[in-house]
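Reading the structure
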Amino acid sequence: MVHAAIVKQLKDLVGSQNVFDNKADRVTYAYDAAVLEPQLPAVVVRPENSEVLGRVVALCNREGLPLTVRGAGTNLSGGAIPQQGGVVLLTNGLNRILEINSEDMYAVVQPGVITAQLAAAVEAKGLFYPPDPGSQAVSTLGGNVAENAGGLRGLKYGVTADYVMGLRFYDVEGNLIKTGSRTVKCATGYNLKALMIGSEGTLGVLDEITLKLIPPPRARKSMLAVFDQMERASQTVAAIIAHHIVPATLEFLDNFTIRAVEDFSHAGLPVEAAAILLVEVDGHPGQVAEEGEQVEAILKQMGAKDIQVARDDAQRDRIWAARRSALSALAKLKPTVVLEDATVPRSKIPAMVHALQGIARRFDLAIGTFGHAGDGNLHPTILTDKRDKGEWQRVEAAIEAIFDEALALGGTLSGEHGTGLAKAGFLKKETGQGAILLSRRIKSALDPNRILNPGKIIGD
Ligand SMILES: Cc1cc2nc3c(=O)[nH]c(=O)nc-3n(C[C@H](O)[C@H](O)[C@H](O)COP(=O)(O)OP(=O)(O)OC[C@H]3O[C@@H](n4cnc5c(N)ncnc54)[C@H](O)[C@@H]3O)c2cc1C
């Protein structure tokens with residue numbers, strides 16, 4: 001419960017049409033895309049301008065109210081669940097693209113701008129914003145920065161962090177902080193920008209984001225390679241990288257996922273294949289021709305049964321749209337879908353794929369594996385029904401086994417989905433206690449009343 005006087009103050013700040021405190025609205029903002037228990041917020045607010053955003057943050061701090069910022073709520077680690085109730089702050093009223101600067105190749109946006117909308121606006125000006133999470137049609141740029149989101153093009157073009165030139169954010173007292181710049185280089189002051197990227201709303205509230213843009217590639221070539229052994233497909237990923245070719249995209253789908261996606265999207269995927277690789281090389285036309293031939297040669301050498309090269313943009317787009325639908329396709333099969341994010345050094349992909357097959361057998365679970373194999377980031381996806389208590393216990397054990405395996409192979413708990421609530425308890429396994437204690441000291445210094453997204457990343 002939030003005191004009526006505070007609700008009144010919030011209404012005075014953002015307008016009563018932007019404060020939601022009835023149960024039906026609060027239920028809508030109690031969960032995100034992670035398989036975790038929902039938690040009702042006491043009140044939901046929607047600031048429509050930057051100044052008011054800062055004043056809401058300051059009010060929450062003064063009143064000791066937990067504050068959870070929410071973009072589109074698509075994160076997969078529980079970051080937008082208001083674990084301790086309090087206020088959920090929506091960013092969809094802060095959704096303006098403030099500037100696209102073609103000359104200096106950057107864009108300035110408010111945090112609630114939808115990722116794909118920026119990408120389209122930038123493309124219309126002959127430029128390119130590469131980060132493309134599978135959720136880009138709905139996810140927000142604030143959410144992308146706060147999670148350091150990746151995507152299908154991460155292998156060659158990097159993740160959101162690689163495009164953030166500058167940030168403006170509110171600290172917990174409502175002071176507006178500027179970090180980074182519109183210049184290509186900036187070495188001024190502490191790198192607060194780096195601290196904020198991936199901080200999942202626990203250290204401050206993003207208000208304005210300056211993003212680097214690049215020229216679009218002039219040519220591209222997309223291929224689909226069919227394998228009748230999963231091991232061969234995973235070894236091929238490692239082989240392409242070992243030849244020092246960096247495709248724009250190198251995606252892996254196992255048979256389980258291929259069939260689910262084909263049922264869902266009817267894109268013409270080979271349903272009998274044990275696994276497929278989707279590869280796209282891009283860049284200067286000469287480079288694309290050369291690398292395209294090299295990749296085809298490696299695919300053949302590694303035993304690809306069939307290689308289809310996209311004839312035109314329409315065919316290419318159909319295949320990539322099918323790949324982007326993988327999670328939705330799998331999600332239709334069972335009531336509960338746990339999408340994991342095991343990430344290993346790229347040479348270890350075959351070992352990780354092998355381990356995942358063993359884990360599925362050991363815990364008697366349906367696990368579909370797909371993902372950004374080219375950057376070592378697999379998404380083993382467990383299909384289950386959380387109401388089946390016995391099976392759910394096996395799922396929890398399997399998740400831990402997946403983390404252990406990824407770490408044993410020199411990998412990480414999260415390639416792109418963040419820590420949130422879902423992985424907070426496992427953080428120590430990867431970072432050790434020292435990093436957690438240091439992180440807690442940073443948190444205490446920046447948020448002494450512990451109101452900013454409490455419980456996330458480093459626990460309570
Ligand atoms: C179908 C599907 C496909 C996906 N594919 C990918 C993928 O390919 N790659 C990938 O990386 N992720 C992927 N994701 C995960 C998710 O889309 C990303 O994490 C995304 O960045 C979340 O954006 P959002 O706007 O939904 O943020 P939310 O889920 O609303 O919030 C995410 C976190 O950011 C914080 N936050 C949001 N806005 C702000 C702000 N203004 N200031 C401070 N903190 C803030 C929130 O408190 C929360 O902790 C996928 C999710 C789904 C459901």
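Please refer to the structure higher up on the page.
Everything numeric in this text was worked out from a predicted model, so none of it was measured.

**A short note on the environment of Val-7**
- Along the chain, Val-7 turns up in helix α1 (residues 4–14).
- The buried category is assigned to Val-7, whose relative accessible area is 9%.
- Apart from the residues within four sequence positions on either side, Val-7 is in contact with Val-2, Val-19 and Asp-21.

**Some remarks on the sheet that holds strand β7 (residues 164–170)**
- With antiparallel pairing, 5 strands are arranged side by side in an open sheet as β5-β6-β9-β7-β8. Edge positions in the sheet fall to β5 (97–101) and β8 (176–180), since each of these pairs with one other strand and no more. Between one strand axis and the next, the sheet turns by 10° as a mean value, whatever way the strands run.
- Across 5 bridges, the pairing between β7 and β8 is antiparallel. Directly across from Arg-168, in β8, lies its bridge partner Lys-178.
- Sheet contacts for helix α3 (residues 50–63): β7 and β9 (205–212); angle to β7, the most-contacted strand, approximately 55°.
- Its contacts with the sheet put helix α4 (residues 115–124) on β5, β6 (106–109) and β9, and the angle it makes with β5 is roughly 35°.

**A word on the site of the ligand**
- Residues in close proximity to the ligand total 35 residues, the closest being Val-69, Gly-71, Thr-74, Ser-135 and Thr-140.
- In this structure, an oxygen atom belonging to the ligand sits 2.9 Å away from a side-chain N or O atom of Asn-144.
- In this structure, Asn-453 approaches the ligand through a side-chain N or O atom, which is 3.4 Å from an oxygen atom.
- Considering the ligand on its own, with 980 Å² of exposed area, one finds that the protein chains cover 94% of that surface.

**Digging into the packing of helix α13 (residues 349–362) against helix α14 (residues 389–408)**
- Closest axis-to-axis distance for the α13/α14 pair is 10 Å, and the angle between their directions is 160°. As far as their axial angle goes, α14 and α13 are roughly antiparallel. α14 is crossed by α13, and the crossing has right-handed handedness. Across from Met-352, Ala-355, Leu-356, Ile-359 and Arg-362 in α13, the residues of α14 making contact are Ala-398, Ala-401, Ile-402, Glu-405 and Ala-406.
- Split into classes, the residues belonging to the contact of α13 with α14 amount to 8 nonpolar, no polar and 2 charged.

**Considering the packing of aromatic side chains**
- The final tally for this structure, using the stated rule, is 3 aromatic pairs.
- Centre to centre, the rings of Tyr-129 and Tyr-163 are 5.9 Å apart; their planes meet at 80°, and the pair counts as edge-to-face. In this pair, Tyr-129 sits in the loop between α4 and α5 (141–147) while Tyr-163 sits in the loop between α6 (154–157) and β7, placing the two residues 34 residues apart along the sequence. For the residue pair Tyr-129 and Tyr-163, the accessibility class agrees, reading buried in each case.
- Ring geometry for Phe-403 and Phe-426: centres 4.8 Å apart, planes at 70°, overall edge-to-face. Of this pair, Phe-403 sits in helix α14 while Phe-426 sits in the loop between α14 and α15 (427–431), and the two are 23 residues apart along the sequence. The two residues Phe-403 and Phe-426 agree in class, both being buried.
- Positioned above the aromatic ring of Tyr-163, the side-chain terminus of Lys-212 is 5.2 Å from the ring centre.

**Some thoughts on the side chain of Glu-340**
- Relative to the assigned elements, Glu-340 resides in the loop between β14 (336–339) and α13.
- Among all residues touching Glu-340, those that are not within four sequence positions of it are Leu-378, His-379, Pro-380, Ile-399, Phe-403, His-417 and Lys-423.

**Focus on a nonpolar patch on the surface**
- Judged by side-chain polarity, Leu-195, Leu-438, Ile-442 and Leu-446 come together as a nonpolar surface patch covering roughly 290 Å² of accessible area.
- Here the element with the most residues in the nonpolar patch is helix α16 (residues 433–446); it accounts for 3 residues.
- Mapped onto the elements of the fold, Leu-195 is located in helix α7 (residues 192–196).

**Some words on helix α9 (residues 255–265)**
- Taken residue by residue, α9 has Thr-257, Ile-258, Ala-260, Val-261 and Glu-262 as its buried positions.
- In this fold, the buried residues of α9 make contact with β11 (249–254), β12 (275–283), α11 (313–324), α12 (326–331) and β15 (366–372).
- Two residues or fewer after α9 comes His-266, characterised by a positive phi angle close to 50°.

**A few points about the pairing of β9**
- The buried fraction of β9 amounts to 7 of the 8 residues, a majority that puts the element mostly inside the structure.
- In this structure, β7 lies alongside β9, joined through 6 bridges in antiparallel fashion. Directly across from Gly-166, in β9, lies its bridge partner Thr-210.

**Notes on the sheet that holds strand β3 (residues 67–70)**
- What the 4 strands build is an open sheet, ordered β1-β2-β4-β3; its pairing is mixed. Looking at the sheet topology across the chains shown, the edges are occupied by β1 (19–20) and β3.
- Contacting β2 (43–45), β3 and β4 (87–90), α3 crosses the sheet at an angle of about 170° to β4.

**Section: the pattern of salt bridges**
- Counting across every chain of the model gives 21 salt bridges.
- A salt bridge links Asp-132 to Arg-153; the nearest nitrogen and oxygen atoms lie 3.7 Å apart. On the criterion of sequence distance, the pair formed by Asp-132 in the loop between α4 and α5 and Arg-153 in the loop between α5 and α6 is long-range, its members being 21 residues apart.
- For Asp-132, a relative accessible area of 1% puts it in the buried group.

**Observations concerning the nonpolar core**
- Among the nonpolar cores identified, the biggest contains 51 residues, and Phe-252, Leu-277, Leu-299, Met-352 and Ile-382 are the most heavily contacted of them.
- Mapped by element, the contributors of at least two residues to this core are β10 (219–227), α8 (230–242), β11, β12, α10 (285–301), α13, β16 (377–384) and α14.
- The biggest single contributor to this core is α14, with 8 residues.
- Ignoring anything within four residues of it in the chain, the contact list for Leu-299 reads Met-223, Ala-225, Phe-227, Thr-236, Ile-240, Leu-277, Ala-304 and Ile-307.
- Ile-100, Leu-127, Tyr-157 and Ile-214 belong to the second largest nonpolar core, which has 26 residues in total.

Cut-offs applied
- Residues numbered from 1 in each chain as written.
- Predicted model: local features only at pLDDT ≥ 70, side-chain atom pairs only at ≥ 80, totals over all residues.
- Heavy atoms only, no water.
- Helix = DSSP H or I, 4+ residues; strand = E, 2+ residues; numbered from the N terminus.
- Buried < 20%, exposed > 50% of the residue type's maximum accessible area, 1.4 Å probe, protein only.
- Contact = heavy atoms within 4.5 Å.
- Pairing = 2+ DSSP bridges.
- Axes fitted to C-alpha atoms, helices over the stretch in contact; angles between N-to-C directions.
- Near = heavy atom within 4 Å.
- Polar contact = N/O pair within 3.5 Å; in protein donor to acceptor, adjacent residues only side chain to side chain.
- Areas by Shrake-Rupley, 256 points an atom, 1.4 Å probe, with all protein chains shown as cover.
- Parallel < 35°, antiparallel > 145°, perpendicular 65-115°, else oblique.
- Left-handed = near helix turned anticlockwise from the far one by under 90°.
- Nonpolar A, V, L, I, M, F, W, Y, C, P; charged D, E, K, R; others polar.
- Phe/Tyr/Trp six-rings, centres within 6.5 Å; stacked < 30°, edge-to-face > 60°.
- Lys NZ or Arg CZ within 6 Å of the ring centre and 35° of its normal.
- Patch = residues over 30% accessible without salt bridge, like charges linked within 9 Å, V, L, I, M, F, W, Y side chains within 5 Å.
- Salt bridge = Lys/Arg side-chain N within 4 Å of Asp/Glu carboxyl O.
- Core = buried A, V, L, I, M, F, W, Y, C linked by side-chain atoms within 4.5 Å.

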